[in-house]
Amino acid sequence: LSVPSLPLNSGASIPQVGFGVFLIKPEDTQQAVEDALEVGYRHIDTATGYGNEAQVGAAVRASGIPREDVFVTTKLRNDHHAAGDVEGAFGRSLEALDLGYIDLYLIHWPMPKNDRYAETWRTLTGFTSDGRSRSIGVSNFKVPHLERIIAETGVTPAVNQVELHPTFQQRELRAFQAQHGIETEAWAPLGQGRYDIFNLAPITAAAGAHDVTSAQVVLRWHLQTGTIALPKSSSKDRMRENLDIAEFELTADEMAAIDALDEDTRLAADPDDINVD
Ligand code: NAD
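Basis of the calculations
- Residues numbered from 1 in each chain as written.
- Predicted model: local features only at pLDDT ≥ 70, side-chain atom pairs only at ≥ 80, totals over all residues.
- Heavy atoms only, no water.
- Near = heavy atom within 4 Å.
- Polar contact = N/O pair within 3.5 Å; in protein donor to acceptor, adjacent residues only side chain to side chain.
- Areas by Shrake-Rupley, 256 points an atom, 1.4 Å probe, with all protein chains shown as cover.
- Helix = DSSP H or I, 4+ residues; strand = E, 2+ residues; numbered from the N terminus.
- Pairing = 2+ DSSP bridges.
- Contact = heavy atoms within 4.5 Å.
- Axes fitted to C-alpha atoms, helices over the stretch in contact; angles between N-to-C directions.

Engineer: Sorry, what's going on with the site of the ligand here?
Structural biologist: Taken together, the neighbourhood of the ligand is formed by 26 residues, with Asp45, Ser139, Leu190, Gln192 and Leu230 sitting nearest. Between the ligand and Gly191, the relevant distance is 3.3 Å, taken from an oxygen atom to a main-chain nitrogen or oxygen of the residue. At 3.1 Å, a side-chain N or O of Glu241 approaches a nitrogen atom of the ligand. Contact with the protein chains removes 87% of the 840 Å² of surface that the ligand exposes when unbound. Take the shell around the ligand: its biggest share by element is three residues, from helix H9 (residues 236–243).

Shown next as structure tokens:
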């Protein structure tokens, strides 16, 4: 099983489907990531806030897969933005993962009310010069936040990881990012189980037409939309199902019908309202 990769502005390339480990308990994470690597995932998305970086690193090391063949992302926790804290937090992530380097280091949330994200971004720009992180990016940034960090530092993030699924498609943000060469990563790509995504008519119709599952249709829609999807599952069968999307293609009409599901409504909090957690 394999999915395409997209080039990043750092020169690295990122597999378009990654395995997300949010809410996987630390004690279950190593096995889950080993399973994901075994079924063919080569992109793992964790965060300091998920509390399972060490187990992600242990799984990658135990897999025997060459380090350069696995893309590992982690994220700066919200309570580590203070001046002087960012470097230390990054160092602890490097140590916990213990993989030599990080592929992609993200600011988890901008927390605009704290007004520190531009300085925090400036600190991240130092992490690529010696290769400790191959690429840097952000998460949950809105257009004004992106405009500000680019204007203040001259450095454009490689990716922005945001809530994105059929009823919240982030069109304006995606258009801005396409203009600036920022890749869009989708969290909650399957709607986090918070709405009946798998029974929406355009999705079940396409699933029937291609003899695949609704989840595969949604993930294929992400692929053809050009987003990087980060589905999460603890079940090995679903991990395999979620990666097995390279062998069929949605038609232009099927894509348009799913595009038309956009209600521009979030499931989760607006990033402007998130503060230190
Ligand atoms: P998701 O859309 O991947 O939903 C996960 C849910 O879908 C789980 O309940 C799972 O059982 C179910 N599911 C998975 N595959 C399925 C299938 N084939 N058929 C039926 N049900 C299936 O949402 P998520 O877990 O919130 O997000 C995925 C990843 O995104 C996380 O693990 C994390 O890495 C990342 N994330 C990032 C942020 C951020 O702020 N940057 C926030 C949330 C999540």
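Past the structure itself, the notes keep going.
Engineer: Honestly, the sheet that holds strand E8 (residues 159–163) in this entry has me stumped. Any pointers?
Structural biologist: Neighbouring strands of a sheet are bound in pairs by backbone hydrogen bonds; such pairs are parallel or else antiparallel. Strand order in the open sheet made by the eight strands is E3-E4-E5-E6-E7-E8-E9-E10, with parallel pairing throughout. Two strands close off the open sheet at either side, each with one partner strand: strand E3 (19–20) and strand E10 (228–229). In terms of strand pairing, strand E7 (residues 133–139) meets E8 through two bridges, oriented parallel. When the bridges of E8 are listed, Val138 appears paired with Asn160. Running at roughly 140° to strand E6 (residues 102–107), helix H3 (residues 85–97) makes contact with strand E5 (71–76), E6 and E7 of the sheet.

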